[in-house]
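# Working through the structure, step by step
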Amino acid sequence: MGLFGKSKKERVVDLTPGYKRQQEKSAQASSDTSQKSSSNFGFLGNLASSQNSSTNEANSGYVNMSESEDKKKKLGKMLMDLTKRIEDLSNQIYHLKQRIELLEKKLKISFE
């Protein structure tokens, strides 16, 4: 007998195929863009694009990790701020309800 649905198997969704397709599309789009720009300059454009792509590939892992950490920190801070604001507004609503109930009692009015 399972309590609270513990007897059910956990369901896991694997999103890696979609993520890989997205990465392939973005890589293909960037290579198409670099090929278009390099075709305008011939041999020199191809040389420049190959150097840019190799340096981008070497630095992309490090840059993306630091950027993702920064984004996570910013997102976490933003969520904490929003949560605090929601709690404050909830408290204000509660106090306003209390005041309205007090006024209703004093005036002997019922809006329910």
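Presented here is a report on the structure given in the accompanying data block. These figures come from a predicted structure and were not determined experimentally.

Calculation notes
Residues numbered from 1 in each chain as written. Predicted model: local features only at pLDDT ≥ 70, side-chain atom pairs only at ≥ 80, totals over all residues. Heavy atoms only, no water. Helix = DSSP H or I, 4+ residues; strand = E, 2+ residues; numbered from the N terminus. Areas by Shrake-Rupley, 256 points an atom, 1.4 Å probe, with all protein chains shown as cover. Salt bridge = Lys/Arg side-chain N within 4 Å of Asp/Glu carboxyl O. Buried < 20%, exposed > 50% of the residue type's maximum accessible area, 1.4 Å probe, protein only. Patch = residues over 30% accessible without salt bridge, like charges linked within 9 Å, V, L, I, M, F, W, Y side chains within 5 Å.

Per the secondary structure count, the protein chain includes two helices and zero strands. A total accessible area of about 11300 Å² is found for the protein chain, and carbon and sulfur atoms account for 58% of it.

Let's shift gears to the pattern of salt bridges. Evaluated as defined, the whole model comprises one salt bridge. Across the salt bridge formed by Lys77 and Asp81, the nearest N and O atoms sit 3.4 Å from each other. Of this pair, Lys77 and Asp81 both sit in helix α2 (residues 43-107), four residues apart, which is roughly one turn of that helix. For Lys77, a relative accessible area of 54% translates into the label exposed. For Asp81, a relative accessible area of 38% corresponds to the partly exposed category.

Turning our attention to a nonpolar patch on the surface. A grouping of Leu75, Met78, Leu79 and Leu82 is seen on the molecular surface, where their side chains present a nonpolar patch of about 360 Å² in accessible area. With respect to the helices, strands and loops of the structure, Leu75 is situated in helix α2.

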